[in-house]
Amino acid sequence: MSNQLLHLFARAEYDPSRPSVEAVLDSSRYFVVRVEDAGKKAYIGMGFAERSDSFDFNVALQDYTKRFKANLNVEPDADETSPHVPAGPKKDYSLKEGQTFSIAIPGRSKLPATGASLLGSGSSGGLSAGGGIPLLPPPPSASRKR
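Along each chain, numbering runs from 1 in the same order as the chain's sequence is written. Reporting in this predicted model follows two pLDDT cut-offs: at least 70 for local features of residues, and 80 or more for side-chain atom pairs to be given and counted; totals over whole chains, interfaces and linings ignore these cut-offs and use all residues. Only hydrogens and water are set aside; all other atoms, that is, all heavy atoms of the structure, feed into the side-chain values.

(A) Focus on the overall build of the protein. Numbering of helices and strands starts at the N terminus; helices are DSSP runs of H or I of at least 4 residues and strands are runs of E of at least 2. In terms of helices and strands, the protein carries 1 helix and 3 strands. Along the protein, from the amino end to the carboxyl end, the secondary structure elements read β-β-β-α. A burial count over the protein gives 9% of its 146 residues as buried. For the protein, the computed accessible surface area is about 14100 Å², with 57% contributed by carbon and sulfur atoms. Think of it in three bands: with a 1.4 Å probe and only protein chains considered, a residue is buried below 20% of the maximum accessible area for its type, exposed above 50%, and partly exposed in between. In these tables, accessible area is a Shrake-Rupley quantity obtained with a 1.4 Å probe, and a residue counts as shielded only by the protein chains included in the view.

Dropping the structure here:
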């Protein structure tokens, strides 16, 4: 191998606050890399033959950006309480043994008679689904033309 092949052509530092790599608008496989040196800027196009490689590259950039921003946020001390957590002891809202509750839905009659399910009445005949809501008959079958 010659030394020419090992020569660094360009270097683009990636800073999430000022990204040097951006995806192009009309393709998911191509990116534009901004290279800066001594005040000069150059934009270099970069593409992937496989969409999966492009996806992996994009996920790596997003993961780096997420971790970079997480490192900027200083974690609060363990002694400080979060403003989102209510103060005081935790409340127990679970139902106790034998305890029940009911929900009144406006426009619905009371529970159906005994033996009826929640979705329909005890008898399967008729065009009703229970609760006073009638069902429409099925549409007529299409006539076949020969």
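(B) View of a nonpolar patch on the surface. Residues enter patches when their relative accessible area tops 30% and they take part in no salt bridge; the joining distance is 9 Å for like charges and 5 Å for the nonpolar side chains Val, Leu, Ile, Met, Phe, Trp and Tyr. The rule for a salt bridge is simple: a side-chain nitrogen of Lys or Arg has to be within 4 Å of a carboxyl oxygen of Asp or Glu. Where nonpolar side chains cluster on the molecular surface, the patch consists of L95, F101, I103 and I105 and spans about 470 Å² of accessible area. Summarising the element assignment, I105 is placed in the segment after helix 1 (51–72). The class of I105 is exposed, set by a relative accessible area of 52%.

(C) Geometry of the packing of aromatic side chains. Note on aromatic contacts: the rings of Phe and Tyr and the six-membered ring of Trp form a pair at centre separations within 6.5 Å, being stacked when their planes are under 30 degrees apart, edge-to-face when over 60 apart, and tilted otherwise. Per the stated rule, a full pass over the model turns up 5 aromatic pairs. Ring plane angle 45° and centroid distance 5.4 Å describe the contact between F48 and F57, whose orientation is recorded as tilted. Residue class for F57 comes out partly exposed when judged on its relative accessible area of 24%. Put simply, the rings of Y14, Y64 and F68 pair up and form one aromatic cluster.

(D) Here's a closer look at the sheet that holds strand 2 (residues 30–37). Here, a strand pair is defined by DSSP locating no fewer than two bridges between the strands. Overall, antiparallel pairing links the 3 strands, which are arranged 1-2-3 in an open sheet. Of all the strands in the sheet, the pair left with one neighbour each is strand 1 (21–23) and strand 3 (40–47). Between one strand axis and the next, the sheet turns by 25° as a mean value, whatever way the strands run. Note on contacts: a residue pair is in contact if any heavy atoms of the two residues lie within 4.5 Å. Axis lines are fitted through C-alpha atoms, for helices just across the contact stretch, and the angle between N-to-C directions can take any value from 0 to 180 degrees. In the packing of helix 1 onto the sheet, the strands contacted are strand 1, strand 2 and strand 3, and the crossing angle to strand 2 comes to about 50°.

(E) The arrangement of the pairing of strand 3 in detail. Relative to strand 3, strand 2 runs antiparallel, the two sharing 8 bridges. Its bridge partner being in strand 3, V32 is matched across the sheet by G45. Remark: 2 residues form the turn of the hairpin made by strand 2 and strand 3, two consecutive strands paired antiparallel; A38 in that turn has positive phi of roughly 55°.

(F) Structural view of the side chain of S20. Residue position: S20 is located in the segment before strand 1. Beyond its immediate stretch of four places on either side in the chain, S20 contacts A12, E13, Y14, V32, V33 and R34.

(G) Here's a closer look at the side chain of T65. Checked against the element boundaries, T65 lands in helix 1. Distance and chemistry together define a polar contact, namely a pair of N or O atoms within 3.5 Å, with one atom able to donate a hydrogen and the other to accept it when in protein, and with adjacent residues in sequence counting only for side-chain atoms on both sides. Among the polar contacts listed, one links the side chain of T65 to the side chain of Y14, at a separation of 3.3 Å.

(H) The nonpolar core, seen in detail. Definition used in this section: a nonpolar core is a set of buried Ala, Val, Leu, Ile, Met, Phe, Trp, Tyr and Cys residues joined via side-chain atoms within 4.5 Å. In terms of nonpolar packing, the biggest core is built from 6 residues, these being V21, F31, V33, V35, F48 and L61. Of all the elements, strand 2 adds the most residues to this core, at 3 residues.

(I) Representation of the environment of D37. Among the secondary structure elements, D37 is positioned in strand 2. By relative accessible area, which is 59% here, D37 ends up exposed.

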